[in-house]
Amino acid sequence: MNLTVHVWRQKNGKDAGRMVTYQVKGVNEHASFLEMLDVLNEQLVAKGEEAIAFDHDCREGICGMCSLVINGRPHGGHERTTTCQLHMRHFKDGQEIWVEPWRAGAFPVIRDLCVDRRAFDKIIAAGGYISANAGSAPDGNAVPVPKEQADRAMDAAACIGCGACVAACPNGSAMLFVAAKLAHMHMLPQGQPERAKRTEAMVTAMDAAGFGNCSNHYECEAACPKDISRDVIAMMNRDYTKASLGHREEESKAEGAG
Amino acid sequence: MTINLDARIPTGPIEQKWTKSKFDMKLVNPANKRKYKIIVIGSGLAGGAAAATLAELGYNVACFCFQDSPRRAHSIAAQGGINAAKNYQNDGDSVHRLFYDTVKGGDFRSREANVHRLAEESVNIIDQCVAQGVPFAREYGGTLANRSFGGAQVSRTFYARGQTGQQLLLGVYAGLSRQIQAGRVTMFPRTEMLDLVTVDGKAVGVVIRDLVTGAISSHAAHAVVLATGGYGNVFFLSTNAKGSNVTATYRAYKRGAGFANPCFTQIHPTCIPQSGDFQSKLTLMSESLRNDGRVWVPKAKADVGKRAADIGDDNRDYYLERKYPSYGNLCPRDIASRAAKEQCDDGRGVGPGGRGVYLDFRDAIKRDGQAKIAEKYGNLFEMYERITGDDPYKVPMRIYPAVHYTMGGLWVDYHLMSNVPGLFVAGEANFSDHGANRLGAAALMQGLADGYFILPYTMGNYLAGLGLGPAVSNTHAAFKDAERAVKTKLDTICAVDGKHSVDSFHRELGNIMWEKCGMARTKESLTEALEAIPKLRERFWKEVSVKGGQDSFNQTLEKAGRVADFLEFGEMMCKDALVREESCGGHFRVEHQADGEALRDDTNFCHAAVWEYQGDNNAPALNKEPLTFENVKLATRSYK
Ligand SMILES: Cc1cc2nc3c(=O)[nH]c(=O)nc-3n(C[C@H](O)[C@H](O)[C@H](O)COP(=O)(O)OP(=O)(O)OC[C@H]3O[C@@H](n4cnc5c(N)ncnc54)[C@H](O)[C@@H]3O)c2cc1C
Ligand code: FES
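From a predicted model like this one, the values you see are computed outputs, not experimental measurements. (Residues numbered from 1 in each chain as written. Chains lettered and ligands numbered in written order. Predicted model: local features only at pLDDT ≥ 70, side-chain atom pairs only at ≥ 80, totals over all residues. Heavy atoms only, no water.)

**Points about the overall build of chain B**
- Along its length, chain B carries 16 helices and 21 strands.
- At 24 Å, chain B has a C-alpha radius of gyration in line with the 26 Å of a compact globule built from 640 residues.
- The principal-axis extents of the C-alpha atoms in chain B amount to approximately 75 × 60 × 50 Å.
- In chain B, buried positions account for 66% of the 640 residues.
- Residue pairs at least 24 apart in sequence account for 74% of intrachain contacts in chain B once pairs closer than 6 positions are excluded.
- Carbon and sulfur atoms make up 50% of the accessible area of chain B, which totals about 21,100 Å².
- Positive and negative charge centroids in chain B, built from 78 and 72 side chains respectively, lie 3 Å apart. (Helix = DSSP H or I, 4+ residues; strand = E, 2+ residues; numbered from the N terminus. Rg over C-alpha atoms; globule rule 2.2 N^0.38 Å. Buried < 20%, exposed > 50% of the residue type's maximum accessible area, 1.4 Å probe, protein only. Contact = heavy atoms within 4.5 Å. Areas by Shrake-Rupley, 256 points an atom, 1.4 Å probe, with all protein chains shown as cover. Lys, Arg positive; Asp, Glu negative; His and termini not counted. Charge placed at Lys NZ, Arg CZ, Asp CG, Glu CD.)

What follows is the structure, given as structure tokens:
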């Protein structure tokens, strides 16, 4: 099929950037969206132009490296599908397609379609772990975990950290990402000891990284290629309230003792 | 010059070697650990676990990866599971059995002592991962669940749906993040190691390119760990992530590290067949599917065009069950792949070009119900349908072998140190544990064993031997020379200014490798490849087009550097395959077979072939580490 593709081109973080229109010829309907961009890049190289930069690695929907807002929807808006797994059979011959990078204050563009998502790493570093040094673990079966709980932890842990939730949110909020990580750990007995501290630390880091607030649009849930449910946000909010209450109680106890 | 291949295997009975050697190792005083700087290249299971654990011990660690976050290393893509000799199923598993299965599965081309240690540490890995919050599959009673994988008759594989690698890597990444926050690991994402620096024969640091700004910088350390994964992408099409490459290990090879068994590559039997020229990678369908899926082709060539549903049981050839009755569909990968190729070569393959066999769940669905099958494999079925448009609950999957894993890698001794002192190599990047064929669910085990439980000991032993002095400075002339060479090479690539894309050369190389050094190799095919590759390389350096220069974010340049290395490395692989005049594991020389099965030659080839760089214009020198088998008797593998 032949397509008209409008692509965001931006030399670097300082450049203003603009949409550029390309004609792409002879795209196979079995190709993935990224393979369509490969074909376009081959055509650009043949003309002596610079290739379009876009992030990708596994090309099977698991690494979370690929991004792209396609016709206004992160990952193109198909259920449970990342851009690398989106196939051209979902487009029509002659169609016009708009391709842009994630747009969010906390994810600055570094070139063309690539953005800087290090803000996510900062949130995880603030508390997205269970402190367990190598060598100190009890036997794997020492603490039984009910199957249903393990399954729900796995549902939340399926997050690939791609950032589609942030890109979809009108406020650029990272609530779904943060809440999914918290839900994964807090569904498991191993996650309990640091529960309050973890919740506070990650929420604080999220705010500090420049993500917006959640105003309950739930575009994030619709855009998530891994079906993370908005329920995790409710769980996080409850935990956060508890954690900050607990914090105040501790402070007042400390004052009383003094 | 020949290189020192003393493997430093501890003496004593195999069950005691690791315990004894841990006790014999020198220790670094806790107060002194932070004075030692360690560079880790790679943040996958091996590198990420090593970086986190070394930092937990108190060392000062710098970790580099080319993705935008350490959480995206290629380990994330592993689907099926991780082995451990827990014997939770009470089905006769033990450390010894895991050791035995892995040595046998590797077709007697791995090092016994390393494999035994791997089996010993396997049990600690599961404990560690559970403590970190890895959501492994559970039974209703709350205990850990297991499944079977190829090459084993016990159920010892732990898994997290079809996303085991993802969950293990997220555990590693969490631990790594904790150390980053604590200031003990400095993380450098979107960077690429382009050279190893040695002074007085020791590894003292690396030259790094910042992939965003293009800046070249030198980083010095007391020791360097390479955990940069495998080189399957030399074939262009593989199940590896697009960025997986040989650059770090190949450039270390050019600085004196021996490269062992480069021709040992694994072709995985169950991948989605290629569908067109535009294709950029192949997708694996986890081996775990062979637990319930039955592999077959039509008995008669006349039936290959028919719909699967129209071919009755009598007219189906369940060839793995027929040829290998005791292991059936769960025979090892090398055997299953070759068998699939055989059926297709015989004209009984299905689908476009006759390059496919069926993996059929009809009987399993009938037996267990669709819900049960969906619970086990739902995400894999969905992935298959998304890519092919076919629903595997209704029609059998079509699969074909594809390049998946590389057993070869930089040579390391028992301490995971290469022949270059101070250069350690972990995970898929080294060569030691899987011989000529890796068993399913054994790579995740190896990466984590190396990173969590082995390097932390052997690294201390090396550093303690260095004394307390500071690392060589990164302003040393050796760093400046290496930086200059790196920049010149990048400029040279950009200056070619030809007309052909980097990918076009990579595809062409991949074709040569697949056709001539793939599932079946002959003296003739390898000789042809050895003529074709240098010609292709010459054309690359005359005709490749890389726009944009080296001083900016330039993905084309990144790729070009990697392809340039593959174009040299592929030649070494073919040489290695040519001189190994035997068949073993994934290395099948057509000339050496008995009844269609691989025919090993233990008299002449019971060794690791270790290649030593001799300059760009000279052929590499071949060194050998003899392999001895004292605990698993050398025998012809049989899965019948
Ligand atoms: C699709 C698929 C499924 C698999 N399933 C299983 C399974 O079920 N069970 C199993 O046991 N094994 C499985 N494997 C194999 C297993 O996943 C890998 O062998 C293993 O994860 C490799 O881990 P690693 O840490 O050695 O390297 P990787 O995870 O590949 O990490 C390499 C790291 O090195 C970095 N790097 C590479 N080059 C450079 C450079 N030049 N400069 C800077 N950084 C660099 C990368 O950024 C990355 O961080 C599977 C493999 C594939 C492809
Ligand atoms: S490239 Fe890995 S998720 Fe798309």
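**Looking at the overall build of chain A**
- Helix and strand counts for chain A stand at 8 helices and 7 strands.
- By its C-alpha atoms, chain A is 75 × 40 × 35 Å across when sized along the principal axes.
- Across the 258 residues in chain A, those meeting the buried criterion constitute 55%.
- The long-range fraction of contacts in chain A, counting pairs at least 24 apart against all pairs at least 6 apart in sequence, stands at 68%.
- Put simply, chain A shows about 10,800 Å² of open surface, and 49% of that area lies on carbon and sulfur atoms.
- On chain A, the mean spot of the 28 positive side-chain charges and the mean spot of the 33 negative ones are 2 Å from each other.

**Notes on the site of ligand 1**
- Lining the immediate environment of ligand 1, one finds 39 residues, of which Q67, S75, G80, M193 and E428 of chain B sit closest.
- Neighbouring residues of ligand 1 are not confined to one chain but are distributed across chains A and B.
- Contact distances for ligand 1 include 3.2 Å between an oxygen atom and a backbone N or O atom of L45 of chain B.
- Between N245 of chain B and ligand 1, the recorded distance is 3.3 Å, taken from a side-chain N or O atom to a nitrogen atom.
- For ligand 1, whose free accessible area comes to 1,000 Å², the fraction covered by protein is 98%.
- For the shell around ligand 1, the secondary structure elements donating two or more residues are helix 2 (45-57), strand 6 (191-199), strand 15 (397-406) and helix 11 (443-466) of chain B.
- In terms of residue class, the shell around ligand 1 is built from 18 nonpolar, 17 polar and 4 charged. (Near = heavy atom within 4 Å. Polar contact = N/O pair within 3.5 Å; in protein donor to acceptor, adjacent residues only side chain to side chain. Nonpolar A, V, L, I, M, F, W, Y, C, P; charged D, E, K, R; others polar.)

**Focus on the domain arrangement of chain B**
Residue and element names in this part refer to chain B.
- Taken domain by domain, chain B comprises domain 1 (270-402) and domain 2 (477-603).
- Placing the centre of domain 1 and that of domain 2 at their C-alpha centroids yields a distance of 31 Å.
- Residue-level contacts link 12 residues of domain 1 with 10 residues of domain 2.
- Per-residue buried area on domain 1 facing domain 2 is highest for D334, R338 and K341; these three make up 53% of the total on that side.
- Counting the contacts that link domain 1 with domain 2 gives 0 salt bridges.
- The interface formed by domain 1 and domain 2 contains 4 residue pairs in polar contact (both at pLDDT 80 or more).
- When residues in the side of domain 1 that touches domain 2 are grouped by element, the largest group, 5 residues, is from helix 8 (residues 333-345). (Domains from an automatic or database assignment. Buried area = accessible area lost by both parts, 1.4 Å probe. Salt bridge = Lys/Arg side-chain N within 4 Å of Asp/Glu carboxyl O.)

**A look at the interface of chain B and chain A**
- Counting residues at the interface gives 73 residues for chain B and 75 residues for chain A.
- Together, the buried faces of chain B and chain A total about 6,000 Å²; carbon and sulfur atoms form 52% of this surface.
- In terms of surface lost to chain A, no three residues of chain B exceed R72, F278 and R386 of chain B, which account for 12% of the buried area on that side.
- Counting the contacts that link chain B with chain A gives 7 salt bridges.
- Among the salt bridges present, the one from E382 of chain B reaches R80 of chain A, with a minimum N-O distance of 2.9 Å.
- Here chain B and chain A share 41 residue pairs in polar contact (both at pLDDT 80 or more) between them.
- Sorting the residues of the side of chain B that touches chain A by element identifies helix 2, helix 4 (112-132), helix 5 (164-181), helix 10 (370-388), helix 11 and helix 15 (555-579) of chain B as the ones contributing at least two each.
- Ranked by residues supplied to the side of chain B that touches chain A, first place goes to helix 5 of chain B with 8 residues.
- Class assignment of the residues belonging to the side of chain B that touches chain A gives a composition of 26 nonpolar, 29 polar and 18 charged.

**Things to note about the sheet that holds strand 6 of chain B**
Residue and element names in this part refer to chain B.
- If you walk across this open sheet you meet the 3 strands as 6-7-8, and the pairing is antiparallel. This sheet does not close on itself; its edge strands, each paired only once, are strand 6 and strand 8 (216-220). The mean inter-strand angle of the sheet, taken between neighbouring strand axes irrespective of direction, is 25°.
- Taken together, the 8 bridges between strand 6 and strand 7 (residues 202-210) define a ladder with antiparallel strand orientation. For L196, the partnering residue across the bridge sits in strand 7 and is V206. (Pairing = 2+ DSSP bridges. Axes fitted to C-alpha atoms, helices over the stretch in contact; angles between N-to-C directions.)

**Some words on the pattern of salt bridges**
All names here are of chain B.
- Counted by the stated rule, this structure contains 76 salt bridges over all chains.
- Residues D292 and R367 are paired through a salt bridge, measuring 2.7 Å at the closest nitrogen-oxygen approach. Of this pair, D292 sits in the loop between strand 11 (265-271) and strand 12 (294-298) while R367 sits in helix 9 (residues 362-368), and the two are 75 residues apart along the sequence.
- We classify D292 as buried; its relative accessible area is 9%.

**Some words on the side chain of R198 of chain A**
All names here are of chain A.
- Looking at the secondary structure, you find R198 in helix 6 (residues 195-208).
- Reaching out from R198, the side chain makes a polar contact with the side chain of H186 at a distance of 2.9 Å.
- Discounting chain neighbours no more than four positions away, the residues touching R198 are G127, Y129, I130, L182, M185, H186 and G191.

**As for the pairing of strand 15 of chain B**
Residues and elements named next belong to chain B.
- Among the 10 residues in strand 15, 10 count as buried, and that is most of the element.
- Bridging between strand 11 and strand 15 involves 5 bridges; their strand directions are antiparallel. The partner of T265 across the bridge, within strand 15, is T406.
- Bridge analysis of strand 14 (residues 357-360) against strand 15 gives 3 bridges, and the strand direction is antiparallel. When the sheet's bridge partners are listed, L359 is paired in strand 15 with M397.

**As for the environment of N90 of chain B**
All names here are of chain B.
- Within the element layout of this structure, N90 appears in the loop between strand 3 (82-83) and helix 3 (95-105).
- Its relative accessible area of 67% is what places N90 among the exposed residues.
- Placed 287 residues apart in sequence, N90 and Y377 show a C-alpha to C-alpha distance of 25 Å.

**Quick look at the packing of aromatic side chains**
All names here are of chain B.
- Counted under the stated rule, the structure contains 29 aromatic pairs over all chains.
- Look at F361 and Y377: their rings are 6.0 Å apart centre to centre, the planes differ by 50°, and that puts the pair in the tilted class. Of this pair, F361 sits in the loop between strand 14 and helix 9 while Y377 sits in helix 10, and the two are 16 residues apart along the sequence.
- Among the residues examined, F361 registers a relative accessible area of 1% and is labelled buried.
- Looking at R562, its charged tip hangs above the ring of F66, at a distance of 4.8 Å from the centre. (Phe/Tyr/Trp six-rings, centres within 6.5 Å; stacked < 30°, edge-to-face > 60°. Lys NZ or Arg CZ within 6 Å of the ring centre and 35° of its normal.)

**Topic: the domain arrangement of chain A**
Residues and elements named next belong to chain A.
- What the domain assignment reports for chain A is domain 1 (3-111) and domain 2 (118-130 + 145-257).
- Its C-alpha centre places domain 1 at a distance of 30 Å from the equivalent point of domain 2.
- Approximately 1,200 Å² of surface area, both sides summed, lies buried where domain 1 meets domain 2, with 64% of it carried by carbon and sulfur atoms.
- When residues of domain 1 are sorted by the area they lose upon contact with domain 2, R80, A106 and F107 head the list and together hold 37% of the total.
- Taking the shortest distance from any N to any O, the salt bridge between D227 and R80 comes out at 3.2 Å.

**Structural notes on the packing of helix 4 of chain B against helix 11 of chain B**
Residues and elements named next belong to chain B.
- Close contact between helix 4 and helix 11 brings their axes to 9 Å; oriented N to C, the two are set at 80°. Accordingly, the angle class assigned to the pair helix 4 and helix 11 is roughly perpendicular. Counting all contacts with helix 4, which are made through R117, L118, E121, S122, N124, I125, Q128, C129 and Q132, the residues of helix 11 involved are M445, Q446, L448, A449, Y452, F453 and I454.
- Residue composition of the contact of helix 4 with helix 11, grouped by class: 9 nonpolar, 5 polar and 2 charged. (Parallel < 35°, antiparallel > 145°, perpendicular 65-115°, else oblique.)

**Describing the nonpolar core**
- In this structure, F211 of chain A together with I82, F136, L423 and L448 of chain B are the most contacted members of the largest nonpolar core, which totals 244 residues.
- The element best represented in this core is helix 11 of chain B, accounting for 12 residues.
- Excluding residues within four positions of it along the chain, F136 of chain B makes contact with A150 of chain A together with I82, I126, C129, V130, L144, F158, Y159, A160 and L168 of chain B.
- Ranked by size, the runner-up nonpolar core spans 28 residues in total, among them V7, W8, L37 and V99 of chain A. (Core = buried A, V, L, I, M, F, W, Y, C linked by side-chain atoms within 4.5 Å.)

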